[in-house]
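Coordinates in review
Below are the chains, spelled out letter by letter.
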Amino acid sequence: MNVPIPSQPGYPYRALPTGAVRLLRIYQDVAANLICELEVAYISQLPPYEALSYCWGDPSDKIPIKCNGYTGLSITENLHSALLNLQLPGQSRLLWADAICINQEDTKERSSQVRLMKDIYQLASSVIVWLGGPIEVDGNDLWPIPPLLEAAQKNLKRNQLPIRHGTKDWVRHVLRPDYTTNGDLNDKRWNAIIKSLILLLHRPWFLRTWIIQEVALATRAVVICGRHSASWDDFYCAVSYAIDLDYFSSTLPEMYSSLQNIESARRNILQDQYPRPLDLLASFRIFLATDPRDKVFGLYSLFSDSDLAVLELQQDYSLDLVQVFTQSVIDCIKAEGNLDVLSFGGQDCLPAHIQLPTWVPDWAYQDRTKPLLPRFLSTFSFGQHQWLCTWESATGVGYPVVEISENKKVIMLSGYVLDRVSETGGILEKEYYELQAGHPLLEINTVMKKCSEVFEKWEDICGVTSNTPYYTNEAAWDVYWKILYAGGYPHGDEQQTKAAFEKWYKPFQDLRSLTEYTANRIEEIRNSDSSMVYKVAAGVGWFGKMTYMGMKFGMNMYTSRDKISPSKILGFGRTLFKTERGHVGLSSPHTKAGDAIALFQGGKMPFVIREAEEGKWQIIGDAYIHGIMNGKEFDSSKCDMLQIG
């Protein structure tokens with residue numbers, strides 16, 4: 001039974017009874033104005049209603065609305081637009097929208113209502129996904145889903161679609177003003193469709209943390225954009241079709257993979273299968289939240305009952321960010337019986353969160369460098385299509401020994417220092433494409449400009465230049481490429497991955513040979529005892545040969561543009577290092593000479609750690625170290641309790 005709320009001027013809220021929620025009834029008055037009424041209903045006796053999934057928008061851009069006869073409530077422009085579009089002619093509509101149905105100024109109420117979110121979205125007759133107003137391409141309202149859905153249902157291949165740019169690098173042309181004005185009519189139509197899709201997927205809803213549970217928990221979901229709509233199933237089918245055609249290799253790649261993760265979570269929940277909390281935190285790390293604590297709280301509805309039973313952390317907004325993030329780590333260790341969560345810790349965090357201990361990840365930091373654990377390197381989320389890997393744990397089979405200080409700022413782990421970093425080879429940086437496609441040649445072109453010297457240094461550290469075998473008697477080249485993949489085989493098996501890497505890496509080698517030839521020939525001509533006439537002639541001959549070699553190099557790059565796969569190497573955003581004992585590995589870009597390599601009981605990865613004050617250590621990052629990842633180096637008798645702050 002619904003009970004109208006007697007509102008007070010300027011403040012329509014009053015305390016909710018236990019187990020109750022507010023629902024929002026919207027309708028039009030005779031002048032077609034938006035009228036709202038808040039009603040209370042008990043979660044055990046809810047009437048038919050729809051739950052709204054939307055992006056709040058700019059909190060400073062608010063519009064006052066009339067609610068229960070009073071005008072003291074203001075909502076963001078995007079929510080106001082959604083409510084206007086959702087009005088039904090001649091009848092009311094019952095909705096749940098968090099910004100209105102929860103008193104956002106009441107911390108206690110926010111905490112209690114967030115704990116009911118799972119029921120709210122699961123019990124809704126449908127979840128309405130509001131993406132905002134229409135997508136405009138060349139001044140026209142264009143909804144890309146129907147034509148893409150039709151192509152998907154017909155299972156049309158890439159070469160059967162009239163896309164003007166036939167290679168993988170076509171996306172970088174999409175946002176050019178003339179993109180949809182060239183070509184024949186069919187070209188123009190499809191170019192406009194693709195442009196519309198990309199503009200749609202750049203809308204902020206797709207990176208909002210709360211949408212994950214809102215869609216995943218929905219029994220039925222409908223996507224609305226302006227006057228257009230589609231079921232979630234049709235929407236996802238159309239978008240995933242475009243993704244599967246590899247149209248979005250690197251244009252915000254996490255966003256596209258995250259859509260797959262949302263659908264995977266949704267299907268798992270429908271089958272009563274729940275991912276582990278750490279897998280959810282990892283899969284949706286790039287998502288955003290106005291309140292950073294919601295990066296954790298916003299996923300709780302997706303946790304299994306068995307995991308929730310052992311988690312000490314509750315959705316409580318009286319806790320500060322450090323308390324929330326710290327307890328989330330402790331809970332992950334307790335729930336899983338391993339130290340996998342520490343792979344997300346280290347030196348990277350937002351400036352406002354510098355007070356976090358280094359063993360506590362800043363879940364609000366959009367770190368695009370994944371941990372090196374195979375668990376987090378799967379093609380999709382939650383362990384599906386994991387990379388083949390040559391190792392399982394650097395410490396063998398065991399459980400961590402963990403103690404937490406009373407103030408929860410220090411974690412004490414059973415482990416020991418195995419080695420020390422003696423040198424590093426520089427950081428392999430890669431430009432992140434916000435508006436360009438991720439064609440491998442673009443990747444190679446960027447790295448050539450910035451990182452050729454880094455690759456050369458890395459080869460020296462691995463012994464490739466001197467052709468010095470590794471201490472395991474493996475060839476230096478094999479050790480080198482395996483380190484860049486952290487012992488994994490993302491392209492299939494060992495042979496396929498090596499072949500893919502060598503094809504991707506060859507342009508760097510060719511460019512280096514060209515550069516070395518140029519430098520050597522110039523020096524040879526300069527130091528020659530021959531006459532000036534001979535030197536000029538030799539220089540002209542050298543220039544001609546260099547021109548030919550340069551053109552050949554460029555032509556080879558162009559003709560191989562569709563034959564080179566993306567590298568999938570894990571070296572980007574990291575550094576390669578060598579230790580005092582001759583080990584070579586890959587770790588955080590913050591690694592420097594003198595840092596220690598530690599093995600912790602129950603931890604699968606080695607960690608680079610650094611001495612801090614008062615006998616404490618700081619985590620720099622997880623590490624792949626070739627030759628020790630099978631656990632044979634680990635000696636539990638050497639373990640002592642190391643303090644990590």
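Just so it is clear, the model here is predicted, and its values are computed rather than measured.

**Let's talk about the overall build of the protein**
Scanning the protein for helices and strands turns up 17 helices and 23 strands. In the protein, which comprises 645 residues, the proportion classed as buried is 54%. A sequence separation of at least 24 residues applies to 71% of the contacts in the protein between residues at least 6 apart. Accessible surface computed for the protein: about 28,400 Å², of which carbon and sulfur atoms make up 51%.

**Structural notes on the packing of aromatic side chains**
Tallied over the entire structure, the rule returns 32 aromatic pairs. Between Trp143 and Phe235, the aromatic rings sit 6.5 Å apart at their centres with planes inclined by 25 degrees, giving stacked as the arrangement. Taken as a pair, Trp143 in the loop between strand E10 (140–141) and helix H5 (145–153) and Phe235 in helix H8 (residues 232–244) lie far apart in primary sequence, 92 residues in all. The class of Trp143 is buried, set by a relative accessible area of 8%. Ring centres 6.2 Å apart and planes at 20 degrees place the aromatic pair Phe206 and Phe235 in the stacked group. Linking Phe206 in the loop between helix H6 (185–201) and helix H7 (211–216) with Phe235 in helix H8, this pair joins segments that are 29 residues apart in sequence.

**Quick word on the environment of Lys409**
Relative to the helices and strands, Lys409 is located in the loop between strand E14 (402–404) and strand E15 (411–427). Residue Lys409 is classed as exposed on the basis of its relative accessible area of 54%. Separated by 50 residues in the primary sequence, Lys409 and Trp359 have C-alpha atoms spaced 9.2 Å apart. What Lys409 contacts, discounting residues up to four positions off in sequence, is Pro357, Trp359, Ile644 and Gly645.

**Focus: the pattern of salt bridges**
Here the structure, examined in full by the defined rule, presents 25 salt bridges. Of the charged contacts in the structure, one is a salt bridge between Asp279 and Arg375, with a shortest N-O distance of 3.0 Å. Taken together, the positions of Asp279 in helix H10 (residues 277–283) and Arg375 in the loop between helix H13 (321–336) and strand E13 (388–389) put the pair 96 residues apart, joining distant regions of the chain. Given a relative accessible area of 13%, Asp279 falls into the buried group. Classification of Arg375 by relative accessible area gives buried; the value is 18%. A salt bridge links Glu633 to Arg581; its shortest N-O distance comes to 3.3 Å. Taken as a pair, Glu633 in the loop between strand E22 (624–625) and strand E23 (640–644) and Arg581 in the loop between strand E17 (575–579) and strand E18 (584–587) lie far apart in primary sequence, 52 residues in all.

**A few points about the pairing of strand E20 (residues 607–611)**
Counting buried positions along E20 gives four out of five residues, so the element sits mostly inside the fold. As judged from the three bridges shared by strand E19 (residues 596–600) and E20, these two strands associate in the antiparallel manner. What sits directly across from Ala596, in E20, is Ile609. Between E19 and E20, which follow one another and run antiparallel, lie six residues, and Gly602 among them has a positive phi close to 85 degrees. The sheet contact formed by E20 and strand E21 (residues 617–622) spans five bridges and is antiparallel. Residue pairing across strands places Ile609 opposite Ile619, the latter belonging to E21.

**Quick look at the side chain of His228**
Locating His228 in the fold gives a position in strand E12 (residues 228–231). Residue His228 is classed as buried on the basis of its relative accessible area, which comes to 15%. Of note is the side chain of His228, whose polar atom sits 3.1 Å from the side chain of Asp141. Once residues lying within four places of it in the same chain are set aside, the contact partners of His228 are Asp141, Trp143 and Val223.

**Quick look at H8**
Across its 13 residues, H8 extends 17 Å between first and last C-alpha, which sits within 8% of the 18 Å expected from 1.5 Å per residue. Among the residues making up H8, those that are buried are Trp232, Phe235, Tyr236, Ala238, Val239, Ser240, Tyr241, Ala242 and Ile243.

**Examining the environment of Thr18**
Following the sequence through the fold, Thr18 ends up in the loop between strand E1 (3–4) and strand E2 (20–28). In this structure the C-alpha to C-alpha distance between Thr18 and Tyr42, which are 24 residues apart in sequence, comes to 8.4 Å.

**Structural notes on unusual backbone geometry**
Even without a glycine there, the phi angle at Asn68 is positive, about 55 degrees. With respect to the helices and strands, Asn68 occurs in the loop between strand E5 (62–67) and strand E6 (70–76). A positive phi angle, near 55 degrees, is found at Glu614, a position not held by glycine. For Glu614, the location among the structural elements is in the loop between E20 and E21.

**Digging into the confidence of the model for the protein**
Averaged over all residues, the pLDDT of the protein is 83; the fraction at 70 or higher stands at 78%. Segment residues 431–443 is flagged for pLDDT under 50; beyond a separation of four residues in sequence, or across chains, it makes 49 contacts in the model. This model gives residues 557–564 a pLDDT under 50, and the stretch forms 16 contacts once residues within four places in sequence are excluded.

What counts and what doesn't
- Residues numbered from 1 in each chain as written.
- Predicted model: local features only at pLDDT ≥ 70, side-chain atom pairs only at ≥ 80, totals over all residues.
- Heavy atoms only, no water.
- Helix = DSSP H or I, 4+ residues; strand = E, 2+ residues; numbered from the N terminus.
- Buried < 20%, exposed > 50% of the residue type's maximum accessible area, 1.4 Å probe, protein only.
- Contact = heavy atoms within 4.5 Å.
- Areas by Shrake-Rupley, 256 points an atom, 1.4 Å probe, with all protein chains shown as cover.
- Phe/Tyr/Trp six-rings, centres within 6.5 Å; stacked < 30°, edge-to-face > 60°.
- Salt bridge = Lys/Arg side-chain N within 4 Å of Asp/Glu carboxyl O.
- Pairing = 2+ DSSP bridges.
- Polar contact = N/O pair within 3.5 Å; in protein donor to acceptor, adjacent residues only side chain to side chain.
- Expected span 1.5 Å × (residues − 1).
- pLDDT = per-residue confidence, 0-100.

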